[in-house]
Amino acid sequence: MKQANPQSNIGATVIWLILVVLTLTTWRIGEAGMVGKSTMLLLLFIAMIKSQIVANYFMALRHTRLIWRAIMFGYFVIVGGLIAFAYLISLA
Amino acid sequence: MDAQSTHISLVEMSNYQLATGKKNLPGDFALWIFIFAEMLVFGVLFVAYAFTRAYHVELFNESQLTLSRTSGAINTLVLITSSYFVVRGVTAIKQGLSKQCAYWLTGAFLLGGIFISIKLVEFHAKYAADISMSTNAFYMFYLSLTFFHFMHVLMGMIILAFIIVKVRRGGYSAQDYVGVETGASFWHMVDFLWIILFPLVYIIR
């Protein structure tokens, strides 16, 4: 059986570890019962950063044309922005 | 679009790739249309959830406390890990390592099964507590969003199963792996959507 090139997998493993740490951070914040505007924005920001990491590294969009990365970033800005706006309304 | 213009546009795309080093989307483009459409549908539902919550804050906060944040977090870790396994599977097939690719994809498939099992336990707990979509606006969103996503996980598992069988039969190689990339892209979309869904519905208050 041929062996995989270990160099090609280090990047993916680091990305996976970052996603695990960010997920555990989100869970800990939830378990601690933290609420409020800054907590909401932090949690939303973490979620959007995670989704961009998945899009760019796992879906490999970072190697693609600008248009596809722009669509993913647009999703990040529009969906994340509207959710944040709705939560800010409720906190006002 | 006729055959000649299709040929010209493909040549233009190849020239663009050669000139910039940038590739087109991995896998079959048709599936990417589906992925973008699904992201749009989920995006609308996420925003609808947030704006509905803005007018029923206490109801949403109270109902949200009945969810298991730990189950949600475990399922997030499960999906992230399965996505990582799929990345390893794609890397393996690109190097012509069919057996390793099949192992990684089987691992991802099994993790999908764990996700489904945890979700079924959650759904059963809500059913046993007599909670349904008509209980209130929060549960309407919670059940519809998570069930809609649950169906996507099932679809992703079916796609993975077909790819695993084909990989085992030697149907993909270092020169021909578009099918593996296509299935991988769908699976990553399932992960991408859950990554937003989990904090939105389970955590943020």
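Higher on the page you've got the structure.
The text that follows walks through the structure, step by step, so that each part is easy to find. (Residues numbered from 1 in each chain as written. Chains lettered and ligands numbered in written order. Predicted model: local features only at pLDDT ≥ 70, side-chain atom pairs only at ≥ 80, totals over all residues.)

**A closer look at the overall build of chain A**
No. 1: On a plain count of helices and strands, chain A comes out with three helices and zero strands.
No. 2: Tracing chain A from N to C terminus, the helices and strands come up as α-α-α.
No. 3: Since a compact globule built from 92 residues should have a radius of gyration of about 12 Å, the 17 Å found for chain A marks it as more spread out than a globular shape.
No. 4: Among the 92 residues that make up chain A, the fraction classed as buried is 29%.
No. 5: Residue pairs at least 24 apart in sequence account for 58% of intrachain contacts in chain A once pairs closer than 6 positions are excluded. (Helix = DSSP H or I, 4+ residues; strand = E, 2+ residues; numbered from the N terminus. Rg over C-alpha atoms; globule rule 2.2 N^0.38 Å. Buried ≥ 20, exposed ≤ 12 C-beta atoms within 10 Å, placed from the backbone. Contact = placed C-beta atoms within 7 Å.)

**Observations concerning the nonpolar core**
No. 1: In terms of nonpolar packing, the biggest core is built from 79 residues, with Ile93, Cys101, Leu105, Ala108, Leu160, Val167 and Val180 of chain B touching the most fellow members.
No. 2: Secondary structure elements with two or more residues in this core: helix H1 (7–31), helix H2 (37–58) and helix H3 (66–91) of chain A together with helix H2 (29–54), helix H4 (69–94), helix H5 (98–128), helix H6 (137–168) and helix H7 (178–203) of chain B.
No. 3: Ranked by residues supplied to this core, first place goes to H7 of chain B with 17 residues.
No. 4: When near neighbours in sequence (up to four residues on either side) are disregarded, Val180 of chain B contacts Gly89, Val90, Ile93, Cys101, Ile163, Val167 and Tyr172 of chain B. (Core = buried A, V, L, I, M, F, W, Y, C linked by C-beta atoms within 7 Å.)

**What about the packing of H2 of chain B against H7 of chain B?**
Residues and elements named next belong to chain B.
No. 1: Across the interface, H2 lies against H7 with an axial gap of 10 Å and an inter-helix angle of 5°. Judged on the interaxial angle alone, H7 and H2 are roughly parallel. Each of Leu31, Trp32, Ile35, Glu38, Met39, Phe42, Phe46 and Tyr49 in H2 lies in contact with H7, whose residues at this interface are Thr182, Ser185, Phe186, Met189, Leu193, Ile196 and Leu200.
No. 2: In terms of residue class, the contact of H2 with H7 is made up of 12 nonpolar, two polar and one charged. (Axes fitted to C-alpha atoms, helices over the stretch in contact; angles between N-to-C directions. Parallel < 35°, antiparallel > 145°, perpendicular 65-115°, else oblique. Nonpolar A, V, L, I, M, F, W, Y, C, P; charged D, E, K, R; others polar.)

**Here we look at the interface of chain A and chain B**
No. 1: On the side of chain B, 44 residues touch chain A, which itself brings 41 residues to the contact.
No. 2: Put simply, the parts of the chain that give the side of chain A that touches chain B at least two residues each are H1, H2 and H3 of chain A.
No. 3: In terms of residues, the side of chain A that touches chain B owes the most to one element, H1 of chain A, which gives 12 residues.

**Some words on unusual backbone geometry**
No. 1: Of note in this structure, Ala60 of chain A is not a glycine but carries a positive phi near 65°.
No. 2: Position of Ala60 of chain A among the secondary structure elements: in the loop between H2 and H3.

**Some points on the environment of Phe147 of chain B**
Residues and elements named next belong to chain B.
No. 1: Residue placement: Phe147 occurs in helix H6.
No. 2: Residue Phe147 is classed as partly exposed on the basis of its 13 C-beta neighbours within 10 Å.
No. 3: It is 28 Å that separates the C-alpha atoms of Phe147 and Ala102, two residues lying 45 residues apart in sequence.

**Here's the deal with the environment of Ala50 of chain B**
No. 1: As for its placement among the helices and strands, Ala50 of chain B is situated in helix H2.
No. 2: Assessed through the 23 C-beta atoms surrounding it within 10 Å, Ala50 of chain B is described here as buried.
No. 3: Residues Ala50 of chain B and Leu200 of chain B, spaced 150 residues apart in sequence, show a C-alpha to C-alpha distance of 8.2 Å.
No. 4: Residues contacting Ala50 of chain B, with those up to four places away along its chain left out, are Leu82, Ile83, Ala86 and Tyr87 of chain A.

**Section: H3 of chain A**
No. 1: The terminal C-alpha atoms of H3 of chain A lie 36 Å apart, and with 26 residues this matches the ideal 38 Å at 1.5 Å per residue to within 8%.
No. 2: Residues of H3 of chain A that are buried include every one of Trp68, Met72, Tyr75, Val79, Gly80, Ile83 and Tyr87 of chain A, and no others.
No. 3: Where the residues of H3 of chain A are buried, they touch H2 of chain A together with H2 and H7 of chain B. (Expected span 1.5 Å × (residues − 1).)

**Quick look at H2 of chain B**
No. 1: A rise of 1.5 Å per residue sets the reference length of H2 of chain B, with its 26 residues, at 38 Å; its end C-alpha atoms lie 38 Å apart and thus fit the reference within 8%.
No. 2: Looking at the packing, one finds that the buried side of H2 of chain B touches H3 of chain A together with helix H3 (57–64), H6 and H7 of chain B.

**Some details on the packing of H6 of chain B against H7 of chain B**
Residue and element names in this part refer to chain B.
No. 1: Orientation of H6 relative to H7, taken along the N-to-C sense of each, is 160°, at an axis distance of 10 Å. For the element pair H6 / H7, the angle class is roughly antiparallel. Both H6 and H7 take part in a crossing whose hand is left-handed. For the pair H6 and H7, the contacting residues are Tyr142, Leu145, His149, His152, Val153, Gly156, Ile159, Leu160, Ile163, Lys166 and Val167 in the first and Gly179, Val180, Gly183, Phe186, Trp187, Val190, Leu193, Trp194, Leu197 and Val201 in the second.
No. 2: Considering only residue class, the contact of H6 with H7 consists of 15 nonpolar, five polar and one charged. (Left-handed = near helix turned anticlockwise from the far one by under 90°.)

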